[in-house]
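Below, each chain spelled out in residue letters.
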Amino acid sequence: MKKIKWGGFFTGAAILAIAGVICRLLGVVIRIPLTNIVGNFGMGLYQMVFPLYSLLLIVSSAGVPVAISKMVAKEKTAGNTKQCHRILFNSIILLGFIGLIVSVLFMIFSVQIAKLQGNRDIWLIYLAIAPSVFLVCIIASFRGYFQGFQNMVPTATSQIIEQLVKVAAALAMALVFIKISVVWAVFGAILAVTVSEAVALLFLIGVYLFMRKHAPESDTPRAKHRREPKLSFKLMWDIFKQSVPVTLMASIFPLILVMDSMLIINMLTSAGTAHEEATQLYGISSGAVHTLINLPAVLGAAIATAVVPAVSSLLKQGKTEELREKMVLAVKVTLLISIFFAVFYLAFADKLIDLLYHGAFKDNKSHFKLATKLLKIESALILLISISSVFTAMLQGANKAKFPLIALAIGGIIKIAFQLSFIRTSMGIYAVSFGNVMCFAVAAFLNTVFAFHFIKIKKTLFADITKILSVGGIFTFVALLLQGIIPQSRWWVMLGGAISFAIYAILVAFSGLIKFNNSNVGNILRQEQKEKYK
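Quick notes on the rules
- Residues numbered from 1 in each chain as written.
- Predicted model: local features only at pLDDT ≥ 70, side-chain atom pairs only at ≥ 80, totals over all residues.
- Heavy atoms only, no water.
- Helix = DSSP H or I, 4+ residues; strand = E, 2+ residues; numbered from the N terminus.
- Buried < 20%, exposed > 50% of the residue type's maximum accessible area, 1.4 Å probe, protein only.
- Contact = heavy atoms within 4.5 Å.
- Areas by Shrake-Rupley, 256 points an atom, 1.4 Å probe, with all protein chains shown as cover.
- Phe/Tyr/Trp six-rings, centres within 6.5 Å; stacked < 30°, edge-to-face > 60°.
- Patch = residues over 30% accessible without salt bridge, like charges linked within 9 Å, V, L, I, M, F, W, Y side chains within 5 Å.
- Salt bridge = Lys/Arg side-chain N within 4 Å of Asp/Glu carboxyl O.
- Polar contact = N/O pair within 3.5 Å; in protein donor to acceptor, adjacent residues only side chain to side chain.
- Axes fitted to C-alpha atoms, helices over the stretch in contact; angles between N-to-C directions.
- Left-handed = near helix turned anticlockwise from the far one by under 90°.
- Nonpolar A, V, L, I, M, F, W, Y, C, P; charged D, E, K, R; others polar.
- Parallel < 35°, antiparallel > 145°, perpendicular 65-115°, else oblique.
- Core = buried A, V, L, I, M, F, W, Y, C linked by side-chain atoms within 4.5 Å.
- pLDDT = per-residue confidence, 0-100.

A. Quick peek at the overall build of the chain. A count of helices and strands for the chain gives 19 helices and 0 strands. Residues classed as buried in the chain amount to 56% of the 534 residues present. For the chain, restricting intrachain contacts to residue pairs at least 6 apart in sequence, the fraction spanning at least 24 positions comes to 84%. A total of about 22,600 Å² of accessible surface is found on the chain, and carbon and sulfur atoms cover 69% of it.

The structure is reproduced here in structure tokens:
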């Protein structure tokens, strides 16, 4: 009987993209009614907790899935599946230990952290989310293992299950606890995160045990004669070494967001803004606006996740031409998707905000106008984050992870310096949005330069990028024209979106950028279809 492989780069990216879109949609689904339940002040509290939580998650686990996926991909290519299981086992021990320590410290210092952020009440919220750090660490090991096999289905499914549980539990507990206070309502919504992580972990364990039972193990002849202990500190050290550059890279922007959560409200209040108003402004910027920005950016992140093991495996096999072909396609698809959403957000910002957050802004027109302007400014982030993510993943897969680290660090320094200089001026909260755009503009530019230098992507991509930008320019003109024609009702944004997508699809089709015949997508899909059977 022929052995079925799990899939390839393009199918893996597609699976993660679909799951990512579903998860982001669920994320929007939860934040919209949650905003209407707890208000902008409650969302300000909600958003104050997440930057530090995200940073701790990244420090604990972010680099490990990438390291594991690379190590597993190499062992899988060599035909040594038993070593793949050893990698997973040792990563669980390593991450479980780190995650447990971080969770305990998180709980111990919750009051001090809350005071530092300027709101002592949120210490209770930190207690609700602390255990999830440990759970996510274990989850990261399993997801990295599956991604190393280029099997994105368990990761994608677990993400969807996690989000479904989070949405249901968060809204239910927020509605129950709002009877006590806004702080307790946010506590309930955050507690749902821990519950959802526990459910996702149980699912991944079940999938792994099922696959282990039904998938045959194999080893190379040389490996069969080696007697290696299951627990290996050397293997843990290898995982740790490979994960450090990626962890540092992934930690930079969350670290910047932690600084934002500690600085923005305090700086706004020092400039004369009332504390409650400052918290609401922070909630609008980091909650309502960033939720929408992150929705389409997940597509670039999905492609990036699939890129790492693909690059690692193809480099090991010496298939440089196939590698460059896939990387060119990844960049083109990322650019085309992100340009559409960036332009659509720019043109229809007011209608999107009104449609999705009508309850939160209906009684405060000034906040509505603020959210609209912030979304227009940050619409550029969709393109910048997506392209930066893809080039970062390429460099990580090619063992050049320190270069994206340098790029984002430079961008982060520029962002913080800009905010410190202008947030106390009349620019106020807008300085945060402009700082975000500047940060990722620098990172995207430097990562592009590094990727072209080290991976030597086909120079024909320059011509494709010029064509993509031309398509984007024409679409921008059409979208802005369409926005002026469509009535000022928030529900008309759906018609505007449908028409915009149809026009954009026609422009892309006539440009010839993505072909489904003997090259581009068609060629790669046929290759991956053949590789499913051995």
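From this point on, the discussion continues.
B. Local environment of the environment of Met236. Summarising the element assignment, Met236 is placed in helix H9 (residues 233–270). For the pair formed by Met236 and Leu95, sequence separation is 141 residues and the distance between their alpha carbons is 9.5 Å. Those residues in contact with Met236, other than ones at most four positions away along the chain, are Asn90, Ile93, Leu94 and Leu231.

C. Seen up close, the packing of aromatic side chains. Taken as a whole and assessed by the stated rule, the structure comprises 18 aromatic pairs. Pairing Phe106 with Tyr126 gives two aromatic rings, centres 5.2 Å apart and planes at 55°, and the pair type is tilted. Separated by 20 residues along the polypeptide, Phe106 in helix H2 (residues 81–108) and Tyr126 in helix H4 (residues 123–129) bring together distant segments of the chain. Judged by its relative accessible area of 2%, Phe106 is buried. On the basis of relative accessible area, Tyr126 is assigned to the buried category, the value being 0%. Aromatic side chains Phe391 and Phe452 sit 6.1 Å apart centroid to centroid with 50° between the ring planes, which places their arrangement in the tilted category. One end of the pair, Phe391, is in helix H14 (residues 380–397); the other, Phe452, is in helix H16 (residues 430–454), and 61 residues separate them in sequence. The same class applies to Phe391 and to Phe452, which are both buried. Three or more aromatic residues joined by ring pairs make a cluster, and in this case those are Phe340, Phe341, Phe344, Phe348, Phe475, Phe501 and Tyr504.

D. Fine view of a nonpolar patch on the surface. There is a patch of nonpolar side chains on the surface, built from Phe97, Leu100, Ile101, Val104, Leu105, Ile108 and Phe109 and spanning about 660 Å² of accessible area. Structurally, the position occupied by Val104 is in helix H2.

E. Looking closely at the pattern of salt bridges. Applying the stated criterion to the full structure yields 3 salt bridges. With a shortest N-O distance of 3.4 Å, Asp238 and Lys234 are connected by a salt bridge. Within this pair, Asp238 and its partner Lys234 are both found in helix H9, separated by 4 residues, close to a single helical turn. Three or more residues joined by partner-sharing salt bridges are found here, namely Arg143, Glu162 and Lys166.

F. Fine view of the side chain of Lys166. On the secondary structure map, Lys166 appears in helix H6 (residues 153–177). With relative accessibility at 14%, the residue Lys166 sits in the buried group.

G. The arrangement of the environment of Leu507 in detail. Residue position: Leu507 is located in helix H18 (residues 492–511). Along the chain, Leu507 and Ile468 lie 39 residues apart, while their C-alpha atoms are 9.8 Å from each other. Leu507 has contacts with Val471, Ile474 and Phe475, leaving out every residue within four places of it along the chain.

H. Broad picture of the side chain of Ser379. If you trace the backbone, Ser379 turns up in the loop between helix H13 (365–378) and H14. Here Lys376 takes part through its backbone oxygen, which lies 2.8 Å from a polar atom of the side chain of Ser379. Aside from chain neighbours lying at most four places away, what touches Ser379 is Ile293, Ala342, Tyr345 and Leu346.

I. Just the packing of H14 against H16, in detail. Packing of H14 against H16 leaves a shortest axis separation of 8 Å and a crossing angle of 35°. Considering how the two elements wind past one another, H14 and H16 form a crossing that is left-handed. Residues Ala380, Leu381, Leu384, Ile385, Ile387, Ser388, Phe391, Thr392 and Leu395 of H14 form the contact with H16, whose participating residues are Asn436, Val437, Phe440, Ala441, Ala443, Ala444, Asn447, Thr448, Phe450, Ala451, Phe452 and Phe454. Along the lines of polarity and charge, the residues of the contact of H14 with H16 split into 16 nonpolar, 5 polar and no charged.

J. The packing of helix H15 (residues 402–422) against H16, seen in detail. Interaxial distance between H15 and H16 falls to 8 Å at its minimum, and their mutual angle equals 160°. Put simply, H15 runs roughly antiparallel to H16. Crossing hand, H15 versus H16: right-handed.

K. Quick look at the nonpolar core. Phe106, Tyr345, Phe361 and Leu375 are the most contacted members of the largest nonpolar core, which has 121 residues in total. With 18 residues, the single largest contributor to this core is helix H11 (residues 320–356). Every residue in contact with Tyr345, bar those within four places of it in the chain, is listed here: Leu292, Ile293, Leu295, Pro296, Leu352, Leu375, Ser379 and Ile382. Counting residues in hydrophobic clusters, the runner-up holds 27 residues, among them Ile87, Leu95, Leu201 and Met236.

L. Main features of the environment of Ser196. Within the secondary structure, Ser196 sits in helix H7 (residues 182–214). Under the relative-accessibility criterion, Ser196 is labelled buried at 0%. Here the alpha-carbon distance between Ser196 and Leu135, two residues 61 residues apart in the chain, equals 9.8 Å. Among residues more than four places away in sequence, those in contact with Ser196 are Glu162, Val165 and Lys166.

M. Representation of the confidence of the model for the chain in the model. Overall, the predicted model of the chain reaches an average pLDDT of 78, with 80% of residues at or above 70. Per-residue pLDDT, averaged within each element of the chain, yields its smallest value for helix H19 (residues 520–531) (44) and its largest for H13 (91). This stretch, residues 1–7, has a pLDDT under 50; its non-local contacts, to residues over four places away or in other chains, come to 15 contacts. With pLDDT under 50 throughout, residues 517–534 is counted as low confidence; its partners more than four residues away or in other chains account for 44 contacts.

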